2 protein chains.
Amino acid sequence: MIETDHQLSTCMSILKPVRDSLDVLNGKWKLPIIVALTFGEKRFTEISKEVHGITDRMLSKELRDLELNGLVRRNIEESYPVKVTYQLTEHSKSLRSVIDSLKDWGILHKQRLAEECREYKKVKKVLIK
Amino acid sequence: MIETDHQLSTCMSILKPVRDSLDVLNGKWKLPIIVALTFGEKRFTEISKEVHGITDRMLSKELRDLELNGLVRRNIEESYPVKVTYQLTEHSKSLRSVIDSLKDWGILHKQRLAEECREYKKVKKVLIK
DNA sequence: CGGTATCCGATAGGATACTG
DNA sequence: CAGTATCCTATCGGATACCG
């Protein structure tokens, strides 16, 4: 296997966009919030109730992050009392394939680790005999 | 849009495998290390030189994590002096499509943010006039 | 209702020194 | 060469209280 500078720099160049994607999804709450908004717009307290365990502070912060990244839109209805809703943007729909890909690999990976574990137990059994 | 418990729980059930995948790739150094090992097995110091800025401590820790997740294999050649090499496993190859997916979306997302920025500048220009 | 402010502990990761 | 040990800092996220 011959490694040229060209090959190496080509490979390194994928790191930045991959990191950008990971950063957008990173943290404990981004995904659960996105899932909660999948079936239409919701109010702050509704999201809070659906995303179990999240504090107001984190929900507020994460919604702001998602808005800055163009994944969520914040709507203010000028009624009385004022009603604030959040919804996913069109852009957020493009995440679908990424999330599917991550989900599929996650499942595959778990199976792989389980197999490894069975292998280990087999070996251990033989050794004990 | 009607939201049933069934729909919601189906959607929530993707969260765990997605999180598993993200956890495997998470941290500052996992991807760069994987890339460094893409062109064949390497020794500790070789990886250290290719992954710019990583400390011995982090390289050691991250290699152990990757090994535990079955992505990297550690080989000890019983020569004199002992030679330790690291290489990607077959299982790690299955990451390819995930990384490609993340890369593609990362690029798309950057473009999307750039467009948004141009929109903003246009609006600002009009407002100044 | 839709948040913000403050404080606090846990974890990620950097710097440096040392070892078989 | 291939790491480990120790110490330090910064960021993440939880708990609680408060506000218009």
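For clarity, every value in this text was computed on a predicted model and none was experimentally measured.

Asks: Tell me what's going on with the interface of chain A and chain B, and back it up with residues and numbers.
Replies: Between chain A and chain B, the contact holds 48 residues from the first and 48 residues from the second. Carbon and sulfur atoms make up 71% of the area that chain A and chain B hide from each other, which totals about 4,700 Å². When the buried area of chain A at its contact with chain B is split by residue, A:Phe39, A:Leu102 and A:Trp105 rank highest and sum to 17% of it. Summed over the shared surface of chain A and chain B, the number is 2 salt bridges. One salt bridge in this structure joins A:Lys110 and B:Asp20, with 3.2 Å as the shortest N-O distance.

Asks: Describe the environment of A:His91, naming the residues involved and giving the relevant values.
Replies: Turning to its location among the elements, A:His91 is positioned in helix H6 (residues 90–93). Remark: the alpha-carbon pair of A:His91 and A:Arg64, spanning 27 residues in sequence, is separated by 16 Å. If sequence neighbours within four positions are ignored, A:His91 has contacts with A:Asn69, A:Gly70, A:Leu71, B:Trp105, B:His109 and B:Arg112. One polar contact links A:His91 to B:His109, side chain to side chain, over a distance of 2.8 Å.

Asks: Tell me what's going on with the side chain of B:Thr89, and back it up with residues and numbers.
Replies: Residues and elements named next belong to chain B. Mapping Thr 89 onto the fold places it in the loop between strand E3 (83–88) and helix H6 (90–93). Under the relative-accessibility criterion, Thr 89 is labelled buried at 7%. In this structure, Thr 89 is in contact with Gly 70, Leu 71, Val 72 and Arg 73, ignoring residues within four places of it in sequence.

Asks: Explain the side chain of B:His91 to me, and be specific about the residues and the numbers.
Replies: Judged by its relative accessible area of 9%, B:His91 is buried. Leave out the neighbours within four places in its chain, and B:His91 touches A:Trp105, A:His109, A:Arg112, B:Asn69, B:Gly70 and B:Leu71.

Asks: Please give an account of the pattern of salt bridges that cites residues and values.
Replies: Within the structure shown, the criterion is met by 22 salt bridges over all chains. Of the charged contacts, one joins B:Asp23 and B:Arg19 as a salt bridge, the two residues approaching to 3.4 Å between their closest N and O atoms. You can see B:Asp23 and its partner B:Arg19 sitting in helix H2 (residues 15–25), 4 residues apart, about one turn around the helix. Its salt-bridge partner being B:Lys61, residue B:Glu62 comes within 3.1 Å of it at the nearest N-O pair. B:Glu62 gets classed as buried once you look at its relative accessible area, which sits at 3%. On the basis of relative accessibility, which here comes to 36%, the residue B:Lys61 falls in the partly exposed class. One network of salt bridges, with partners in common, ties together A:Lys30, A:Lys61, A:Glu62 and A:Asp65.

Asks: If you had to explain helix H2 (residues 15–25) of chain A to someone new, which residues and values would you point to?
Replies: Because an α-helix completes one turn every 3.6 residues, residues spaced three or four positions apart along the sequence face the same direction. Residue and element names in this part refer to chain A. When you tally the buried positions in H2, you get 8 out of 11 residues, the bulk of the element. For H2, the complete set of buried residues consists of Leu 15, Pro 17, Val 18, Asp 20, Ser 21, Leu 22, Val 24 and Leu 25. Looking one or two residues beyond H2, the residue adopting positive phi is Gly 27, at roughly 95°.

Asks: Please set out the sheet that holds strand E2 (residues 72–77) of chain B residue by residue, giving values where relevant.
Replies: Spatial ordering of the open sheet is given by E1-E3-E2 (chain B), a layout of 3 strands whose pairing is antiparallel. Each of the sheet's edge strands pairs with one partner strand only, and the pair in question is strand E1 (42–43) and E2 of chain B.

Asks: Residues and numbers for the protein's contact with DNA strand C, please.
Replies: Contacts to DNA strand C come from 15 residues, most closely from A:Thr45, A:Ser60, A:Arg74, A:Tyr86 and B:Lys28. Backbone atoms, meaning sugar plus phosphate, form 62% of the atoms of DNA strand C positioned within 4 Å of the protein. At a separation of 2.7 Å, a phosphate oxygen of DNA strand C approaches a polar side-chain atom of A:Thr45. Here a phosphate oxygen of DNA strand C sits 2.5 Å away from a polar atom, N or O, in the side chain of A:Tyr86. Of all the secondary-structure elements, those providing two or more residues to the surface near DNA strand C are helix H4 (44–50), helix H5 (56–68) and strand E3 (83–88) of chain A together with helix H5 (56–68) of chain B. Per element, the largest residue contribution to the surface near DNA strand C is 4 residues, and it comes from H5(A).

What counts and what doesn't
Residues numbered from 1 in each chain as written. Chains lettered and ligands numbered in written order. Predicted model: local features only at pLDDT ≥ 70, side-chain atom pairs only at ≥ 80, totals over all residues. Heavy atoms only, no water. Contact = heavy atoms within 4.5 Å. Buried area = accessible area lost by both parts, 1.4 Å probe. Salt bridge = Lys/Arg side-chain N within 4 Å of Asp/Glu carboxyl O. Helix = DSSP H or I, 4+ residues; strand = E, 2+ residues; numbered from the N terminus. Polar contact = N/O pair within 3.5 Å; in protein donor to acceptor, adjacent residues only side chain to side chain. Buried < 20%, exposed > 50% of the residue type's maximum accessible area, 1.4 Å probe, protein only. Pairing = 2+ DSSP bridges. Near = heavy atom within 4 Å.

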